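# Architecture and fold: a report
The primary structure of each chain is shown beneath.
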Amino acid sequence: WKVVWDASADTGDIGCLDGNNGTPDILERIESLVERDVPEALQTAEYSDRLVLVTEAVLTMRNMVTLPENAHNMSDFYPLKDLVCIILQLPPRDLLAELKHMALDIAEQLTPFVVLDGADPLYRSLLAQLASDDRGTILTALRALGRISVNLEATNKLPDVTPAVLRRIAGWLLLNDDELIDACLDFLYQYTAVAPNVDRLIRTTVPE
């Protein structure tokens, strides 16, 4: 991937990211890529060293945006949003799990300062994490989604939440997990603030 800052340049190349306006088709570009057939247990020393450097770089950014002032400043830095989308779309590999969790942490810090509609790649990426079976992934994704535009006047509409996801959230409320229950209730609080969402929730779940 290469970030292009020249507004007049053609960013149609699959590997060129628009640093000024973001890359709205980043998910489609990623879907067109073919995963390399390399055993996870067999990696070169060069690959391992590069992965360590990448992980440390993402950790630095994660730590940076934990300060609200930094998160606010970085909320309109499009390459960071593209980066989060790219990391969350990486193949399911144990050695990438830490990287994905840090990307979700970054998203959780950024979303209070941004407005995300249903077509936004970051929103779609976060919503897709709710299909995971990893508790940490689900928890952070729920928090990130529930906090979209919380520091702005815009309403967090949470569009395109599928019936399957709503049923999963209803099921998580029955678990003996206070932290997860809190995240689910916060999400539902935001979700049900939009009238069409209430109708969808009632039709696809058992509200009682």
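This text goes with the structure placed above it.
These numbers come from a predicted model, not from an experiment.

A tally of regular secondary structure across the protein chain gives 10 helices and two strands. In sequence order, the secondary structure elements of the protein chain are arranged as β-β-α-α-α-α-α-α-α-α-α-α. What you see for the protein chain is a C-alpha radius of gyration of 18 Å, in line with the 17 Å of a compact globule of 208 residues. Along the first, second and third principal axes, the C-alpha atoms of the protein chain reach 55 × 45 × 35 Å. Across the 208 residues in the protein chain, those meeting the buried criterion constitute 41%. Pairs at least 24 apart in sequence give 63% of the contacts found in the protein chain among residues at least 6 apart. With the model as given, the accessible surface of the protein chain reaches about 11,900 Å², and the carbon-plus-sulfur share is 54%. Both charge centroids of the protein chain, one from 17 positive and one from 33 negative side chains, sit 3 Å from each other.

Spanning 14 residues, helix H5 (residues 97-110) covers 20 Å between terminal C-alpha atoms, matching the ideal 20 Å at 1.5 Å per step. Burial of H5 is extensive: 10 of the 14 residues sit out of reach of the surface. Every buried residue belonging to H5 is among Leu99, Lys100, Met102, Ala103, Leu104, Asp105, Ile106, Ala107, Glu108 and Leu110, and all of these are buried. Structurally, H5 contributes buried residues whose contacts are with helix H2 (45-65), helix H3 (68-74), helix H4 (78-88), helix H6 (121-128) and helix H7 (135-146).

So, on to the nonpolar core. Tyr123, Leu126, Leu142, Leu145, Val161, Ile169 and Phe187 are the most contacted members of the largest nonpolar core, which totals 51 residues. Element by element, the count of residues in this core is highest for H5, at seven residues. In contact with Leu126, other than residues within four places in its own chain, are Leu88, Leu104, Ala107, Thr111, Ala141, Ala144 and Leu145.

Overall, the coordinates contain 10 salt bridges when judged by the stated rule. Linking Arg143 and Glu179 is a salt bridge whose minimum nitrogen-to-oxygen distance equals 2.7 Å. Linking Arg143 in helix H7 with Glu179 in helix H9 (residues 178-191), this pair joins segments that are 36 residues apart in sequence. Where Asp199 meets Arg203, a salt bridge forms, and the shortest distance between an N and an O atom there is 2.9 Å. Taken together, the residues Asp199 and Arg203, both in helix H10 (residues 195-204) and four residues apart, mark about one turn of the helix. Residue Asp199 is classed as partly exposed on the basis of its relative accessible area, which comes to 39%. Overlapping salt bridges bring together Arg135, Arg143, Asp177 and Glu179 as one network.

Another aspect to go through is helix H8 (residues 163-172). Along H8, the residues classified as buried are Val165, Leu166, Ile169 and Trp172. Angular distribution of buried residues about the axis of H8 spans 120°; they occupy a single face of the element. On its buried face, H8 sits against H7, H9 and H10.

At a minimum axis separation of 10 Å, H8 and H10 run at an interaxial angle of 75°. In terms of axis orientation, H8 runs roughly perpendicular to H10. Seen from H8, the contacting residues are Pro163, Leu166 and Arg167; seen from H10, they are Arg200, Leu201 and Thr204. For the contact of H8 with H10, the per-class residue count stands at three nonpolar, one polar and two charged.

About the cut-offs
- Residues numbered from 1 in each chain as written.
- Predicted model: local features only at pLDDT ≥ 70, side-chain atom pairs only at ≥ 80, totals over all residues.
- Heavy atoms only, no water.
- Helix = DSSP H or I, 4+ residues; strand = E, 2+ residues; numbered from the N terminus.
- Rg over C-alpha atoms; globule rule 2.2 N^0.38 Å.
- Buried < 20%, exposed > 50% of the residue type's maximum accessible area, 1.4 Å probe, protein only.
- Contact = heavy atoms within 4.5 Å.
- Areas by Shrake-Rupley, 256 points an atom, 1.4 Å probe, with all protein chains shown as cover.
- Lys, Arg positive; Asp, Glu negative; His and termini not counted.
- Charge placed at Lys NZ, Arg CZ, Asp CG, Glu CD.
- Expected span 1.5 Å × (residues − 1).
- Core = buried A, V, L, I, M, F, W, Y, C linked by side-chain atoms within 4.5 Å.
- Salt bridge = Lys/Arg side-chain N within 4 Å of Asp/Glu carboxyl O.
- Arc of directions from axis to C-beta.
- Axes fitted to C-alpha atoms, helices over the stretch in contact; angles between N-to-C directions.
- Parallel < 35°, antiparallel > 145°, perpendicular 65-115°, else oblique.
- Nonpolar A, V, L, I, M, F, W, Y, C, P; charged D, E, K, R; others polar.

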